[in-house]
Each structure stands twice: as structure tokens, then as C-alpha cells.
Amino acid sequence: MMYYSVDEMPKEGDSVESPSHYNSGRVECIDYLKDNMPYDNFIGYLEGNTKKYLHRWRYKKKPVEDLKKAQWYLNRLIKELSDGP
């Protein structure tokens, strides 16, 4: 589950931090993926999404949003690597 400090709480409808289509159930999608993938695969998933958003931001109507998504995945990757398997 995602836990946030009061300052980090995503705004309702935030398309970067907490998109509604990724948390419509009881479990955040990212947490489900982490729980159902081998550690190395999950790390690769985070790396791949970081690269995907860095690649495509130039072609989007909201480029800053994709850069923030890349940043989100990179921050998550750093956290996962810091915490270890």
C-alpha cells in the first residue's frame, strides 16, 4: 500500500501521483505489481516506465505531466533500490 505524509498526500484526481484508474479497487496497481512480480522484474518495470515517459514527453499535449510521471517512477525506483528486496 502507498503511505504518504500529510505534505505528500496526492490531490484527488491527481493524474501523476494517484490516477483514479490505477486505484479504483482496494489495492494500488503499483503495489499489486510489486507483490506479484519477482524483484528484478519489478525493478525493470520501474526503469522501463521512467524511460518511456522520458522518451515521449516531447510529443504530448501535457509534456510536464509526462516528466512528472517519469520523476515518480524514478523516485520509486530509487526507493526500491534503497530498501532492497
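Scroll up a little and you will see the structure.
Note on numbering: residues in each chain are counted from 1, in written sequence order. Confidence filtering applies because this is a predicted model: local features only for residues at pLDDT of at least 70, side-chain atom pairs given and counted only at 80 or more, and all residues used for totals across whole chains, interfaces and linings. To get the side-chain values, take all heavy atoms of the structure and skip hydrogens and water.

Enquirer: Sorry if this is basic, but what is going on with the nonpolar core here?
Expert: Soluble, globular proteins show a tendency: their nonpolar side chains are buried together. Residue types Ala, Val, Leu, Ile, Met, Phe, Trp, Tyr and Cys, when buried and joined through side-chain atoms within 4.5 Å, form a set referred to as a nonpolar core. Using a 1.4 Å probe on the protein chains alone, a residue whose accessible area is under 20% of its type maximum counts as buried, one over 50% counts as exposed, and one in between counts as partly exposed. Residues Ile 30, Leu 33, Phe 42, Ile 43, Leu 46, Tyr 53, Ala 70, Trp 72, Tyr 73 and Leu 77 constitute the largest nonpolar core, which totals 10 residues. Mapped by element, the contributors of at least two residues to this core are α1 (29-35), α2 (39-56) and α3 (63-83). When neighbours within four sequence positions are excluded, Tyr 73 is seen to be in contact with Ile 30, Tyr 45, Leu 46, Asn 49, Thr 50 and Tyr 53. Helix and strand assignments follow DSSP, with helices taken as H or I runs no shorter than four residues and strands as E runs no shorter than two, numbered in order from the N terminus. The criterion used for residue contact is that any of the two residues' heavy atoms lie within 4.5 Å.

Enquirer: Honestly, the packing of α2 against α3 in this entry has me stumped. Any pointers?
Expert: Axis definition: a line fit to C-alpha positions, over the contact stretch in the case of helices; interaxial angles, taken between N-to-C directions, run 0 to 180 degrees. Between α2 and α3, the least distance of the axes is 8 Å, while the angle of their chain directions is 155 degrees. With respect to each other, α2 and α3 are oriented roughly antiparallel. Here α2 and α3 pass one another in a crossing that is left-handed. On α3, the residues touching Tyr 39, Phe 42, Ile 43, Tyr 45, Leu 46, Glu 47, Asn 49, Thr 50, Tyr 53, Leu 54 and Arg 56 of α2 are Asp 66, Leu 67, Lys 69, Ala 70, Tyr 73, Leu 74, Arg 76, Leu 77, Glu 80 and Leu 81. Polar here means any residue other than Ala, Val, Leu, Ile, Met, Phe, Trp, Tyr, Cys and Pro, which are nonpolar, and Asp, Glu, Lys and Arg, which are charged; Gly is therefore polar. For the contact of α2 with α3, the class distribution of residues is 13 nonpolar, two polar and six charged. Between 65 and 115 degrees an angle is taken as roughly perpendicular, under 35 as roughly parallel, over 145 as roughly antiparallel, and anywhere else as oblique. A clockwise turn of the near helix away from the far one marks a right-handed crossing, whereas an anticlockwise turn of less than a right angle marks a left-handed crossing.

Enquirer: Help me understand α2, please; the structure alone is not making it clear to me.
Expert: An α-helix turns once per 3.6 residues; consequently, residues spaced three or four apart project the same way. Helix length check: α2 (18 residues) gives 26 Å between terminal C-alpha atoms against 26 Å at 1.5 Å per residue, within 8%. Along α2, the residues that are buried comprise Phe 42, Ile 43, Leu 46, Asn 49, Thr 50 and Tyr 53. One side of α2 carries all its buried residues, which in axial view fall inside an arc of 125 degrees. Opposite the buried face of α2, at more than 90 degrees from it, the exposed residues are Asp 40, Lys 51 and His 55. What a helix should span is 1.5 Å times the count of its residues minus one. Here the arc refers to the directions that run from the helix axis out to each C-beta atom.

Enquirer: I'm lost on the packing of aromatic side chains in this one. Help?
Expert: Each aromatic ring pair is specified by the distance between its two centres and by the angle formed by the two planes. Only Phe, Tyr and Trp rings take part, Trp by its six-membered ring, and two of them pair if their centres are within 6.5 Å. Stacked means planes under 30 degrees apart, edge-to-face means over 60, and tilted covers everything else. Tallied over the full model, the rule gives four aromatic pairs. Note on Tyr 45 and Tyr 73: the rings are 6.1 Å apart at their centroids and 80 degrees apart in plane angle, and the pair reads as edge-to-face. One end of the pair, Tyr 45, is in helix α2; the other, Tyr 73, is in helix α3, with 28 residues separating them in the sequence. With centroids separated by 5.9 Å and ring planes inclined at 15 degrees, the aromatic side chains of Tyr 53 and Tyr 73 adopt a geometry described as stacked. One end of the pair, Tyr 53, is in helix α2; the other, Tyr 73, is in helix α3, and 20 residues separate them in sequence. Accessibility assignment for this pair places Tyr 53 and Tyr 73 in one class, buried. Taken together, the ring pairs in this structure connect Phe 42, Tyr 45, Tyr 53, Trp 72 and Tyr 73 into an aromatic cluster.

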